[in-house]
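What follows is the residue order along each chain.
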Amino acid sequence: MSTSKLSAESQLIRVTEVARHLSLSRSKIYQMMDRGELPYVKIGKSRRVRWPDVERLVEANTISRS
């Protein structure tokens, strides 16, 4: 199956892409992974993140002031 046929939700994204999307450093993303705040998949020495997990992280840290 080619990656173009995979849904965006099932694709694994790199730490650098997560950092860029959230405007955070790569080291901050690794810290969040190590603390269990951001789930990840480890393949060999590489870590990858599912897009829905990034969205959940954003939702969990959204502060709404009424």
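Residues numbered from 1 in each chain as written. Predicted model: local features only at pLDDT ≥ 70, side-chain atom pairs only at ≥ 80, totals over all residues. Heavy atoms only, no water.

Below, the discussion takes up the pattern of salt bridges. What the rule picks out here adds up to three salt bridges. Residue arginine 35 is joined to glutamate 37 by a salt bridge in which the shortest nitrogen-to-oxygen separation is 2.6 Å. Since its relative accessible area comes to 47%, arginine 35 is described here as partly exposed. A salt bridge links aspartate 53 to arginine 56; the nearest nitrogen and oxygen atoms lie 2.5 Å apart. A residue pair is termed a helical-turn pair when its members lie 3 or 4 positions apart in one helix, as aspartate 53 and arginine 56 do in helix 3 (residues 51–60) at three residues. (Salt bridge = Lys/Arg side-chain N within 4 Å of Asp/Glu carboxyl O. Buried < 20%, exposed > 50% of the residue type's maximum accessible area, 1.4 Å probe, protein only. Helix = DSSP H or I, 4+ residues; strand = E, 2+ residues; numbered from the N terminus.)

What follows covers helix 2 (residues 26–34). Along helix 2, the residues that are buried comprise Ile29, Met32 and Met33. The buried side chains of helix 2 occupy one side of the element, clustering within an arc of 100° when seen end-on. In the core, the buried residues of helix 2 are packed alongside helix 1 (15–22), strand 3 (46–50) and helix 3. Looking one or two residues beyond helix 2, the residue adopting positive phi is glycine 36, at roughly 85°. (Arc of directions from axis to C-beta. Contact = heavy atoms within 4.5 Å.)

Direction vectors running N to C along helix 1 and helix 2 enclose 105°, while the axes themselves pass 9 Å from each other. The pairing of helix 1 with helix 2 is recorded here as roughly perpendicular in orientation. The segment helix 1 lies against helix 2, with Val15, Thr16, Val18, Ala19 and Leu22 engaging Arg26, Ile29, Tyr30 and Met33. Class assignment for the residues of the contact of helix 1 with helix 2 results in seven nonpolar, one polar and one charged. (Axes fitted to C-alpha atoms, helices over the stretch in contact; angles between N-to-C directions. Parallel < 35°, antiparallel > 145°, perpendicular 65-115°, else oblique. Nonpolar A, V, L, I, M, F, W, Y, C, P; charged D, E, K, R; others polar.)

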